[in-house]
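Descriptive analysis of the structure
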Amino acid sequence: MRLWPPDMSWFRIRWSWSLPAAFILFFVVASAPFPFGSTNDLSIASWCLCLGIAVIFAPTRDLRAPQLWLLAGIGVITAAYAFVLHEQLSDHPWVAPFQPIWKQASDLLGVPIAPSASIVKNEAFFALGAPLANILAIVLGITVGANRDRARRMLWMIAISGALYALYGVLSFLIEPTMILWRDKTAYLESVTGTFINRNTAAAYFGSCAVVWMLLILENVRRGMPARHIAWRRLSLNLRAIRPREILPQLGCLLICLMALFMTTSRAGVGLSLFAMIVAFTLFLRKDLPPRTGIWISLGAGLVVALGLLQLLGGRVSSRFDSNGLVDEGRIEAWRSTLKIIGDNPWFGTGMGTFHWAFPPYRSPNISVSGVWGAAHSTPLELASEVGIPMALLVALGWAVMLLVLARGVFGRRRDAIIPLAAVATATLSLLHSCLDFTLQVPGYSIPFFALFGAGLAQSFSSRECHASAADSATAPRGPGVLTVAKRG
């Protein structure tokens with residue numbers, strides 16, 4: 001049984017026209033967290049350029065009907081984004097009403113001002129970068145990840161790069177906690193943030209990488225078990241047969257990610273990461289557990305281990321739970337204020353990227369007067385306030401379809417189920433965390449994991465199903481008097 005290093009045949013380079021797209025995608029996936037979470041415009045533009053070039057070379061040979069339908073769904077969401085963008089940027093929108101703030105400003109100044117459907121003119125164009133990068137990443141995840149070997153390479157790329165960022169975060173905190181890369185660290189001086197600015201985003205990233213490492217370890221260990229189903233009485237003997245040098249590097253990477261996770265002291269990040277790990281562990285071993293009580297035993301044991309880790313590594317996290325609970329009161333008040341923005345702008349929002357300007361008039365008096373709220377700390381609410389309820393509901397529908405397809409892959413695939421399982425676990429983690437913060441609005445996190453979501457979607461369909469869809473398409477009648485024959489094999 002070979003657990004470490006991974007099978008290097010996956011990394012053998014053989015030239016094909018798909019190689020540039022895969023290489024660029026892997027490079028962006030590994031590099032996106034590096035420049036301070038890629039939150040500045042230059043970094044976002046660079047990744048959009050790289051991913052756009054990769055789309056030009058995107059492989060299509062492995063795509064089958066299910067993947068094409070997924071790409072079509074993404075195309076619908078992209079078209080809806082383009083429509084909203086047109087309405088918010090155009091001097092003559094088709095259906096969107098003008099914001100009343102422009103008439104008020106014109107009356108106060110006594111000069112004519114061209115109105116707009118956005119409260120800040122042209123801001124929607126500059127705010128397009130991060131959503132565009134996410135769309136390109138998931139499209140490339142589907143096209144590149146339609147090949148199982150490339151999908152696995154990307155999974156390893158995310159895991160290894162995540163462990164390296166976690167190692168840097170821990171070491172930099174121990175050696176020079178006042179610096180992030182080459183810049184001074186002005187906030188979260190008592191927390192590990194890695195290359196990110198915000199500790200909550202760092203916690204979601206390290207937690208997601210820990211989920212991936214745990215699944216890779218489970219898959220390798222499970223593959224070495226002799227029986228079709230785990231013989232729990234012989235489990236200790238089977239585990240003893242694993243040579244330490246084969247398993248310790250992977251366990252070390254998992255431990256580094258967990259250590260960095262707990263050192264972020266992020267309450268929601270740590271709690272949701274542990275929840276995702278428990279659920280992913282249970283789903284992976286569901287076929288080997290006793291039929292009735294096994295799942296509950298696994299969840300209970302996972303909860304005990306999680307509580308133990310909190311006591312052992314997360315003392316400061318536990319104290320923050322005790323003192324502040326899961327969510328701060330100020331954040332709840334900010335959500336209520338954001339709901340008022342949505343109520344006043346239900347159809348097309350205030351404009352993409354305008355929350356920073358839209359929030360002050362609605363700011364609750366119960367929120368501390370110190371600080372500036374540049375984000376709603378809830379991505380779904382902020383999205384609805386900026387682009388309107390219809391567009392937000394369409395995005396929510398896209399997420400629901402994605403999670404359902406990934407769940408289908410987890411329960412339906414016989415091999416390579418680890419890829420949709422890793423995708424659905426990290427997607428659930430990021431979605432829940434983004435309801436409490438702005439994780440998915442940070443490209444350094446969203447780009448790698450949207451690419452993973454795409455690979456998980458592509459691998460949620462078995463090869464047999466894809467070939468069956470292709471055969472059905474080939475044998476479908478194309479006109480009177482035309483006889484088509486499906487290719488076999």
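This structure is a prediction, so every number in the text was calculated from the model and none was measured. Counting starts from 1 at the beginning of each chain's written sequence and moves along it residue by residue. Given that this is a predicted model, residues contribute local features only at a pLDDT of at least 70 and side-chain atom pairs are listed and counted only at 80 or more, while totals for whole chains, interfaces and linings are drawn from all residues. Remark: hydrogens and water are excluded; side-chain values derive from all non-hydrogen atoms of the structure.

**Topic: the overall build of the chain**
Within the chain, the regular secondary structure consists of 20 helices and 2 strands. Split into buried and exposed, the 489 residues of the chain put 51% on the buried side. Across the chain, every contact between residues at least 6 apart in sequence was considered, and the portion connecting residues at least 24 apart equals 76%. Working note: accessible area of the chain is about 24,100 Å², and carbon and sulfur atoms make up 67% of it. A run of H or I in DSSP becomes a helix once it reaches four residues, and a run of E becomes a strand once it reaches two; helices and strands are each numbered from the N terminus. Whether a residue is buried, partly exposed or exposed follows from its accessible area with a 1.4 Å probe, protein chains only, as a fraction of its type maximum: under 20%, in between, or over 50%, in that order. Note on contacts: a residue pair qualifies if any of its non-hydrogen atoms lie within 4.5 Å across the two residues. Computed with a 1.4 Å probe, the accessible areas rest on the Shrake-Rupley method; for each residue, only the protein chains presented here act as cover.

**Focus: the pattern of salt bridges**
A pairing counts as a salt bridge when a side-chain nitrogen of Lys or Arg comes within 4 Å of a carboxyl oxygen of Asp or Glu. For the structure shown, the criterion picks out 6 salt bridges. Across the salt bridge formed by arginine 152 and glutamate 219, the nearest N and O atoms sit 2.4 Å from each other. Of the two residues, arginine 152 sits in helix H7 (residues 148-175) while glutamate 219 sits in helix H8 (residues 199-223), which places them 67 residues apart along the sequence. Accessibility classification places arginine 152 together with glutamate 219 in one group, the buried group. The partner of aspartate 437 in a salt bridge is arginine 331, and the shortest N-O contact between them spans 3.3 Å. On the criterion of sequence distance, the pair formed by aspartate 437 in the loop between helix H18 (418-434) and helix H19 (443-458) and arginine 331 in helix H14 (residues 329-344) is long-range, its members being 106 residues apart. Comparing aspartate 437 with arginine 331, the two get one shared label, buried.

**A closer look at the packing of aromatic side chains**
What counts as a ring pair is set by centres within 6.5 Å for rings of Phe, Tyr and Trp (its six-membered ring), and what kind of pair is set by the plane angle: stacked under 30 degrees, edge-to-face over 60, tilted for all other angles. A full pass over the atoms with the stated rule returns 16 aromatic pairs. In this structure an aromatic cluster arises from ring pairing among Tyr165, Phe196, Tyr205, Phe206, Tyr445 and Phe449. In our convention, an over-ring charge means Lys NZ or Arg CZ found within 6 Å of a ring centre and within 35 degrees of that ring's normal. When the ring centre of phenylalanine 36 is taken as origin, the NZ or CZ atom of arginine 183, which lies over that ring, is 4.1 Å away.

**Some points on the confidence of the model for the chain**
For residues with low pLDDT, the predicted coordinates do not support detailed interpretation. Mean pLDDT over the chain works out to 83, with 80% of the residues at or above the 70 mark. Values of pLDDT, the confidence the predictor places in each residue, fall between 0 and 100. With pLDDT under 50 throughout, residues 469-489 is counted as low confidence; its partners more than four residues away or in other chains account for 11 contacts.

**Looking at a nonpolar patch on the surface**
Taken together, the side chains of Leu49, Ile53, Ile56 and Phe57 make up a nonpolar region of the molecular surface, amounting to roughly 390 Å² of accessible area. Considering the arrangement of structural elements, one finds phenylalanine 57 in the loop between helix H2 (41-56) and helix H3 (65-89). Think of a patch as exposed residues, more than 30% relative accessible area, with no salt bridge, where like charges cluster within 9 Å and nonpolar side chains (Val, Leu, Ile, Met, Phe, Trp, Tyr) cluster within 5 Å.

**Quick word on unusual backbone geometry**
Residue phenylalanine 36 is not a glycine yet carries a positive backbone phi of 60°. The phi torsion at asparagine 122 lies on the positive side, around 70°, for a residue other than glycine.

**Observations concerning the nonpolar core**
Core analysis: the biggest nonpolar cluster contains 122 residues, and Leu51, Phe206, Trp213, Leu215 and Phe453 have the highest contact counts within it. For this core, the element with the highest residue contribution is H8, accounting for 16 residues. Grouped together as the second largest cluster of nonpolar side chains are 10 residues, Ile119, Val120, Phe359 and Ile367 included. What is meant by a nonpolar core is a set of buried Ala, Val, Leu, Ile, Met, Phe, Trp, Tyr and Cys residues, joined one to another through side-chain atoms within 4.5 Å.

**Structural notes on the packing of helix H16 (residues 379-387) against helix H17 (residues 389-412)**
Between H16 and H17, the shortest axis-to-axis distance is 7 Å and the interhelical angle comes to 140°. Classified by the angle between their axes, H16 and H17 sit oblique to one another. Contacts from Leu383, Ala384 and Val387 in H16 reach Ile389, Met391, Ala392 and Val395 in H17. Across the contact of H16 with H17, the residue classes tally to 7 nonpolar, no polar and no charged. Helix axes are fitted only over the stretch in contact, all axes being lines through C-alpha atoms; the angle between N-to-C directions runs from 0 to 180 degrees. The scheme is simple: roughly parallel for angles under 35 degrees, roughly antiparallel for over 145, roughly perpendicular for 65 to 115, oblique for anything else. Nonpolar residues are Ala, Val, Leu, Ile, Met, Phe, Trp, Tyr, Cys and Pro. Charged residues are Asp, Glu, Lys and Arg, and all others, Gly as well, are polar.

**Digging into the environment of glycine 271**
Looking at where glycine 271 falls in the secondary structure, it is placed in helix H11 (residues 267-284). When the C-alpha positions of glycine 271 and alanine 204 are compared, they lie 9.9 Å apart, and in sequence the two are 67 residues distant.

**Regarding the packing of H8 against H19**
Across the interface, H8 lies against H19 with an axial gap of 11 Å and an inter-helix angle of 30°. When the axes of H8 and H19 are compared, the pair comes out roughly parallel. Crossing of H8 against H19: the hand is left-handed. Facing Thr201, Ala204, Tyr205, Ser208, Cys209 and Val212 of H8, the residues of H19 in contact are Tyr445, Phe449 and Leu452. Its residues placed into classes, the contact of H8 with H19 shows 7 nonpolar, 2 polar and no charged. The hand of a helix crossing depends on one turn: near helix anticlockwise from the far one by less than a right angle means left-handed, and clockwise means right-handed.

**Details of the side chain of asparagine 198**
Locating asparagine 198 in the fold gives a position in the loop between strand S2 (183-184) and H8. In this structure asparagine 198 comes out as buried when scored by relative accessible area, which is 11%. At a separation of 2.7 Å, a polar atom in the side chain of asparagine 198 contacts the main-chain amide nitrogen of asparagine 200. Residues contacting asparagine 198, with those up to four places away along its chain left out, are Tyr188, Thr193 and Phe438. Pairs of N or O atoms are called polar contacts if they sit within 3.5 Å, as long as, within protein, a hydrogen donor faces a hydrogen acceptor (for residues adjacent in sequence, only side-chain-to-side-chain pairs).

**A few points about empty space enclosed by the protein**
Summary: where empty space remains is shown by rolling a probe the size of a single water molecule over the atoms. The definitions used throughout rest on a 1 Å grid laid over the protein atoms alone, on which a cavity is an enclosed set of points accommodating a 1.4 Å probe that cannot get out and a pocket is an open set flanked by protein within 12 Å on both sides along at least five of seven lines; lining residues are those having an atom within 4 Å of a point. Grid points are joined across faces, edges and corners, and a volume is the space filled by probe spheres set on the points. A full pass over the atoms with the stated rule returns 1 cavity of 30 Å³ or more. Estimates place the volume of the largest cavity at around 50 Å³. In terms of lining residues, the largest cavity is bounded by Gly169, Ser172, Phe173, Glu176, Pro177, Met179, Ile180, Lys185, Ser191, Val192, Thr193 and Gly194. Residue contributions to the lining of the largest cavity peak at 3 residues, all from H7. In the lining of the largest cavity, the residues fall into 5 nonpolar, 5 polar and 2 charged.

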